[in-house]
Amino acid sequence: MSDDPTQVQEFFTARAADWDSRFPDDGPAYAAAVAELGLRPGDAVLDAGCGTGRALPALREAVGPGGTVLGADLTPAMLTAAVRAGRDAYGQLLLADVSALPFASGALDAVFGAGLISHLPRPQENLRELARVVRPGGLLALFHPIGRAALAARHGRAITDDDLRAEPNLRPLLSGAGWRLESYVDEDARFLALARQAA
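Quick caveat: nothing in here was measured; it's all calculated off a predicted structure. Along each chain, numbering runs from 1 in the same order as the chain's sequence is written. In keeping with the predicted nature of the model, local features appear solely for residues at pLDDT of at least 70, side-chain atom pairs appear and are counted solely at 80 or more, and the whole-chain, interface and lining totals rest on all residues. Side-chain calculation: all heavy atoms of the structure are included, whereas hydrogens and water are not.

Engineer: I'd like to hear about the packing of aromatic side chains, residue by residue, with values.
Structural biologist: In this description, an aromatic ring pair is defined by two values, namely the gap between the centres and the angle between the planes. Put simply, two rings from Phe, Tyr or Trp (the six-membered ring, in Trp's case) pair if the centres are within 6.5 Å, and we call them stacked under 30 degrees between planes, edge-to-face over 60, tilted for the rest. According to the stated counting rule, one finds four aromatic pairs in the structure shown. Aromatic pair Tyr30 and Phe143: ring centres 5.0 Å apart, planes at 70 degrees, arrangement edge-to-face. Residue Tyr30 is found in helix 3 (residues 27-37), and its partner Phe143 is found in strand 5 (residues 134-144); the two are separated by 113 residues along the sequence. Looking at Phe143, the relative accessible area reads 2%, which means it is buried. Ring-pair connections join several aromatic residues into one group, and the members of that group are Tyr30, Phe112 and Phe143. Charge over a ring is defined by NZ of Lys or CZ of Arg lying within 6 Å of the ring centre and within 35 degrees of the ring normal. Arg165 extends its terminal NZ or CZ atom over the ring of Phe191, reaching a point 4.7 Å from the ring centre. Secondary structure follows DSSP: runs of H or I at least 4 residues long count as helices, runs of E at least 2 residues long count as strands, and numbering of each begins at the N terminus. Residue exposure (1.4 Å probe, protein chains only): buried if accessible area is under 20% of the type maximum, exposed if over 50%, otherwise partly exposed.

Engineer: Any chance you could break down the environment of Leu130 for me, citing the residues and the numbers?
Structural biologist: With respect to the helices and strands, the residue Leu130 is situated in helix 6 (residues 123-132). Sequence-distant contacts of Leu130, defined by excluding residues within four places in its chain, comprise Leu46, Ala48, Leu101, Val111, Leu116, Leu140 and Trp179. Note on contacts: a residue pair is in contact if any heavy atoms of the two residues lie within 4.5 Å.

Engineer: Which residues make up the environment of Gly176, and what values go with them?
Structural biologist: As for its position among the elements, Gly176 is in helix 8 (residues 167-176). When its relative accessible area of 37% is taken as the criterion, Gly176 is described as partly exposed. Spatially, the C-alpha atoms of Gly176 and Arg128 are 8.0 Å apart, while their sequence positions differ by 48 residues. Apart from residues no more than four positions distant in its own chain, Gly176 is found in contact with Gln124 and Arg128.

Engineer: An account of the pattern of salt bridges is requested, with residue identities and associated values reported.
Structural biologist: Salt bridge, as applied in this entry: a Lys or Arg side-chain nitrogen positioned within 4 Å of an Asp or Glu carboxyl oxygen. On inspection of all chains with the given rule, the structure shows ten salt bridges. For the salt bridge of Glu36 with Arg190, the shortest nitrogen-to-oxygen distance reads 2.7 Å. With a gap of 154 residues between them, Glu36 in helix 3 and Arg190 in strand 7 (residues 190-197) connect regions that are remote in the sequence. For Glu36, a relative accessible area of 39% corresponds to the partly exposed category.

Engineer: Give me the lowdown on the sheet that holds strand 5, citing residues and values where you can.
Structural biologist: The strand order across the open sheet built from seven strands is 3-2-1-4-5-7-6, with neighbouring strands paired in mixed fashion. A single partner strand is all that each edge strand has here, and the edge strands are strand 3 (92-95) and strand 6 (179-187). Within this sheet the neighbouring strands show an average axis-to-axis angle of 15 degrees, counted without direction. Only the stretch in contact is used when a helix axis is fitted, and all axes are lines through C-alpha atoms; the angle between N-to-C directions ranges over 0 to 180 degrees. Of the strands in this sheet, strand 5, strand 6 and strand 7 are in contact with helix 8, which crosses strand 6 at around 155 degrees. Only when DSSP finds a minimum of two bridges between them are two strands counted as paired.

Engineer: Explain helix 5 (residues 76-84) to me, and be specific about the residues and the numbers.
Structural biologist: Burial in helix 5 covers these residues: Met78, Leu79, Ala81 and Ala82. One side of helix 5 carries all its buried residues, which in axial view fall inside an arc of 155 degrees. Where helix 5 ends, the next residue or the one after it, Gly86, has phi of about 80 degrees, a positive value. Directions drawn from the helix axis to the C-beta atoms are what define this arc.

Engineer: Explain the nonpolar core residue by residue, including any values.
Structural biologist: Nonpolar core, defined: a set of buried Ala, Val, Leu, Ile, Met, Phe, Trp, Tyr and Cys residues in which side-chain atoms within 4.5 Å join the residues together. Core analysis: the largest hydrophobic core is formed by 31 residues, its most contacted members being Leu46, Leu127, Leu130, Leu140, Leu174 and Trp179. Within the residue set of this core, elements represented by two or more residues are strand 1 (44-48), strand 2 (68-73), strand 4 (108-114), helix 6, strand 5, helix 8, strand 6 and strand 7. In this structure Trp179 touches Leu127, Leu130, Ala131, Val134, Gly138, Leu139, Leu140, Leu174, Ala195, Arg196, Gln197 and Ala198, once residues within four positions along its chain are discounted.

Engineer: Just give me the short version of empty space enclosed by the protein, but keep the residues and values in it.
Structural biologist: Put plainly, a pocket is an open set of points on a 1 Å grid over the protein atoms alone with protein on both sides within 12 Å along at least five of seven lines, a cavity is a set where a 1.4 Å probe fits but cannot get out, and a lining residue has an atom within 4 Å of a point. Grid points are joined across faces, edges and corners, and a volume is the space filled by probe spheres set on the points. If you walk through the whole model with that rule in mind, you get one cavity of 30 Å³ or more. By volume, the largest cavity amounts to about 40 Å³. If you go around the largest cavity, the residues you meet are Gly113, Gly115, Leu116, Ile117, Leu142, Phe143, Arg165 and Phe191. Three categories are distinguished: nonpolar for Ala, Val, Leu, Ile, Met, Phe, Trp, Tyr, Cys and Pro, charged for Asp, Glu, Lys and Arg, and polar for the others, with Gly belonging to the last. Looking at the lining of the largest cavity residue by residue, the class counts come to five nonpolar, two polar and one charged.

Coordinates in, geometry out; function isn't part of it.
Structure follows, in structure tokens:
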């Protein structure tokens, strides 16, 4: 993906209106991934690159009415689609870039990122910014509702060795950004990497 934010916005703006209808059966996979984060009532969590907000209902259920749920995305059209779907009822939506989040250091307990890593312009720097806003020992979930092989097949290509989501690439990338990879699952039905803030 380009490191030009306007190109990322153009890519997702063109797809925002029918994004949810293209992937109508992903809800249970999102809920299962959120459950593995181990959020507690009252926690504060960010859905980074939230898109149409498909994770927000599960995040709200996990942290309860006293918790804080934030959804940040770079593309206004995606946030508009999230509002149209009623997902703003589950958390606060913010137009924000993950390279410079409008949160104090250590303000959050966890970050959830669905399909995020392949769209980060400067992955290590951007993951370091996510580590900054999470308290020491806080959690990061990098999720996709299908695994790497299934996603590559969907796009008519093969997995390559330079795929950032491959464990031999992801582990040192996270480590250099202040995260410690704790679990890694890459199956046809899902991709889920869980990391803990190492500071």
